[in-house]
Amino acid sequence: MNSKRALIRSALAGVIALGLGQAQAQTSGAHDGQPAGGKEKCYGIAKAGQNDCGTATHACAGQARKDNAPDEWKYVARGTCTKLGGKLKPPGGK
Amino acid sequence: MTGTGALARMQAAFASAVTDGDEAAVTAHLAGDPALARRRLAIYREAIGANRRGALRSAFPVVARLVGEAFFDEAARRLAAVAPPACADLNRYGDGFPAFLSTYPHAEAMRWLADVARLEWAWHEALSAADATGIDFAALAAVPAEEQPALRFSLHPSVRLVRSAWPVLAIWEANQPGRDGTPDRDEGADDVLAWREDGRVRMALLAPPDAAFVEAIGRGTPLEVAAGSEGWDFAPMLVRLAAHGLLAGFAGPQSAG
C-alpha cells in the first residue's frame, strides 16, 4: 500500500534525522544528556541496597526464630493496600 | 567415585534439611547431641529463608508495602516452597512471584496485585539487563526505500512492556517512598514501558496502539506489519524509541531467519 510505504519512509527519515542529530550533538559537545522529545512523564529511580548480598541478615538472626506454622493473620494484607480498599475499578467497570 | 558420590548425597541431604525441613537423612551425619544439631540446622534454615525473603523484598518493594510484612513473608515462604531459586544469584530470584500471586488464594481480593508484581519485575530486570551499543543510524539511512517495509528492529535488552487491565503505574507511583499509598487514579488499564537509560530505570505510560506497536517490534515483526492499521501513526512511537536509545539494531529482508 503506497500510503503506508510513504508513512514508513517518513517515519524512518525522522528516526535517522534524530539519530544523526544526536551523534552530531555528542561530537560537538553540545549534548546535554536530555533525549530529544523527552518531555513525557517518566520515572527514573535507582534502587537502594541492590548490592546487598544478605549480610544484613546475619545467620545468627535465625537463632531466635522458630519455624511456626502459618497463622491466619499472615494471610491478611495490612499494608498500604488498605488505602486502595475497594476503590479500584475492575477492568471494564465504570 | 564412591567418595564423591557419598559427599554429593550428604550435601543433598543437608540441602533438603535446610530448605524443605526434611532432617531425617542428614541427622545421621551430624556429630553430638541430636537436639542441639537440629537447633543448629534451624539456624541455617532460617538464614536461607531470610536471605530469600530479603531478595524478594528488594525486587518487590511495592508489593511488600501494599500487603504488609506478615502477608509478604508468608507469601515468600510459600513461593520458596513451590519455586525455589534456580540460580545462585538471588537478584534473579522472583521471576515466578507474579504468577504465584495471581493464583494465591489470599490475594484474591487484590486482583491487581499480580500485575503490580509484574511491573516491579520488569523494573528489576530492566535495571540489570545487558547494555547495547545502539543502532547504526548511518546504516539505517542507507537502506533502500523498497526494503524499508520489511525492516525488523531489535529493542534495547532492558526494554520491558507490562500491559495491565489495572492502573498499575498509579499504584506503583503511590507506593514510592514519600507517598502515602493513595493512587492519583483509581481506574485505568495501564500499558507501561520500562527501560534503563543513563543507569536508571524509567517507566512511561503508553497509549494502547503504541504499546501494541512496541510489542510487535519487540517480537521482530517487520515494520510494515507492526505499523498496524490505518488511522494511527506509529512514527512518533518509533522516534520516541530512538530518542531514548531503545532501538538496538535492525535487520533487512535479506538477513531473515
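Residues numbered from 1 in each chain as written. Chains lettered and ligands numbered in written order. Predicted model: local features only at pLDDT ≥ 70, side-chain atom pairs only at ≥ 80, totals over all residues. Heavy atoms only, no water.

Whenever I open this one, the overall build of chain B confuses me. Can you help?
The number of helices and strands found in chain B is twelve helices and five strands. Counting across all 257 residues of chain B, residues that qualify as buried make up 47%. For chain B, the share of sequence-separated contacts (at least 6 apart) that also reach a separation of at least 24 residues comes to 65%. Working note: accessible area of chain B is about 11,700 Å², and carbon and sulfur atoms make up 55% of it. (Helix = DSSP H or I, 4+ residues; strand = E, 2+ residues; numbered from the N terminus. Buried < 20%, exposed > 50% of the residue type's maximum accessible area, 1.4 Å probe, protein only. Contact = heavy atoms within 4.5 Å. Areas by Shrake-Rupley, 256 points an atom, 1.4 Å probe, with all protein chains shown as cover.)

How do you make sense of the overall build of chain A when you look at a structure like this?
In terms of helices and strands, chain A carries two helices and one strand. Shown N-terminal to C-terminal, the secondary structure of chain A runs as helices and strands in the order α-β-α. Looking at chain A as a whole, 23% of its 94 residues qualify as buried.

I'm lost on the packing of aromatic side chains in this one. Help?
Two aromatic rings, taken as a pair, are described by how far apart their centres are and by the angle between their planes. Residue and element names in this part refer to chain B. In total, this model carries nine aromatic pairs over all chains according to the counting rule given. A ring pair is formed by F97 and F100, whose centres lie 6.2 Å apart and whose planes are at 15°; its orientation type is stacked. You can see F97 and its partner F100 sitting in helix α6 (residues 97–102), three residues apart, about one turn around the helix. Overall, F100 belongs to the buried group, its relative accessible area being 13%. Each residue in the set F60, F71, F72, F97, F100, Y104 and W121 is aromatic and connected to the rest through ring pairs, giving one cluster. (Phe/Tyr/Trp six-rings, centres within 6.5 Å; stacked < 30°, edge-to-face > 60°.)

How should the side chain of E23(B) be read in this particular structure?
Residue and element names in this part refer to chain B. Position of E23 relative to the elements: it lies in the loop between α1 (2–19) and α2 (24–27). Given the relative accessible area of 15%, E23 is considered buried. Only 3.2 Å separates the side chain of E23 from the side chain of R45, close enough to count as a polar contact. (Polar contact = N/O pair within 3.5 Å; in protein donor to acceptor, adjacent residues only side chain to side chain.)

How should I be thinking about the interface of chain A and chain B in this particular structure?
Taken together, the contact pairs 54 residues of chain A with 75 residues of chain B. Here chain A meets chain B over a buried area of about 5,600 Å², counting both sides, of which 61% is carbon and sulfur. Across the contact surface, chain A and chain B share one salt bridge. Here E224(B) ties to R5(A) by a salt bridge, and the two come within 3.8 Å at their closest N and O atoms. Within the residue set of the side of chain A that touches chain B, elements represented by two or more residues are α1 (2–27), β1 (43–45) and α2 (81–84) of chain A. Here the element with the most residues in the side of chain A that touches chain B is α1(A); it accounts for 15 residues. (Buried area = accessible area lost by both parts, 1.4 Å probe. Salt bridge = Lys/Arg side-chain N within 4 Å of Asp/Glu carboxyl O.)

Can you help me understand the side chain of N175(B) in this one?
Among the structural elements, N175(B) can be located in the loop between α9 (168–174) and β3 (191–197). Polar side-chain contacts of N175(B) include one of 2.4 Å to the side chain of T80(A). The contacts of N175(B), once residues within four sequence positions are left out, are T80(A), V62(B), R65(B), L66(B) and G181(B).

How do you make sense of the packing of α1(A) against helix α12 (residues 235–243) of chain B when you look at a structure like this?
What describes two packed helices is the angle between their axes and the distance between those same axes. Between α1(A) and α12(B), whose axes approach to 9 Å, the crossing angle comes to 20°. The angle between α1(A) and α12(B) falls in the class roughly parallel. Crossing hand, α1(A) versus α12(B): right-handed. Between α1(A) and α12(B), the contacting residues are A11(A), L12(A), G14(A), V15(A), L18(A) and Q22(A) on the first element and A235(B), L238(B), V239(B), A242(B) and A243(B) on the second. Counted by class, the contact of α1(A) with α12(B) contains nine nonpolar, two polar and no charged residues. (Axes fitted to C-alpha atoms, helices over the stretch in contact; angles between N-to-C directions. Parallel < 35°, antiparallel > 145°, perpendicular 65-115°, else oblique. Left-handed = near helix turned anticlockwise from the far one by under 90°. Nonpolar A, V, L, I, M, F, W, Y, C, P; charged D, E, K, R; others polar.)

What is the right way to read helix α10 (residues 208–218) of chain B from this model?
Residue pairs three or four apart in sequence face the same way in an α-helix, which turns once every 3.6 residues. Considered for burial, the residues of α10(B) that qualify are D210(B), A211(B), F213(B), V214(B), A216(B) and I217(B). Contact partners of the buried residues in α10(B): β1 (152–155), β2 (160–163), β3, β4 (200–206), α11 (223–226) and α12 of chain B.

Explain unusual backbone geometry to me, please; I cannot follow it from the model alone.
Trans peptide bonds make up most of the peptide bonds, and negative phi angles are found at most residues other than glycine. Positive phi, normally seen in glycine, also occurs at D198(B), with a value near 55°. Relative to the assigned elements, D198(B) resides in the loop between β3 and β4.

Is there a simple way to explain the pattern of salt bridges in this structure?
Opposite charge on two side chains permits them to pair, given that their charged atoms come into close proximity. All names here are of chain B. Within this structure, the stated rule accounts for 15 salt bridges over all chains. As a salt-bridge pair, R45 and E23 come within 3.2 Å of each other at their nearest N and O atoms. Here the residue R45 occupies a position in helix α3 (residues 34–59), and E23 occupies one in the loop between α1 and α2, the gap between them amounting to 22 residues. Residues R45 and E23 agree in their burial class; the two are buried.

How should I be thinking about the nonpolar core in this particular structure?
One recurring pattern in soluble globular proteins is that nonpolar side chains are buried together. Within the largest apolar cluster, 47 residues are counted, with the highest numbers of intra-cluster contacts made by L66(B), F97(B) and W112(B). Broken down by element, this core gets its largest block of residues, nine residues, from helix α7 (residues 113–128) of chain B. When residues of this core are assigned to domains, at least three map to each of domain 1 (1–110) and domain 2 (114–257) of chain B. Residues contacting L66(B), with those up to four places away along its chain left out, are G79(A), T80(A), C81(A), L84(A), W112(B), L113(B), V116(B), I171(B) and N175(B). F137(B), V214(B), M237(B) and A243(B) belong to the second-largest nonpolar core, a separate cluster that totals 36 residues. (Core = buried A, V, L, I, M, F, W, Y, C linked by side-chain atoms within 4.5 Å. Domains from an automatic or database assignment.)

Looking at this structure, I do not really get the packing of α3(B) against helix α5 (residues 69–82) of chain B. What am I missing?
Residues and elements named next belong to chain B. Where α3 meets α5, the axes come as close as 10 Å, and the angle between the chain directions of the two elements is 115°. Our classification of the angle between α3 and α5 gives roughly perpendicular. Where α3 crosses over α5, the two elements pack in a sense that is right-handed. Residue-level contacts link R52, R53, L56 and R57 of α3 to E69, F72, D73, A76, L79 and A80 of α5. Residues of the contact of α3 with α5, tallied by class, amount to five nonpolar, no polar and five charged.

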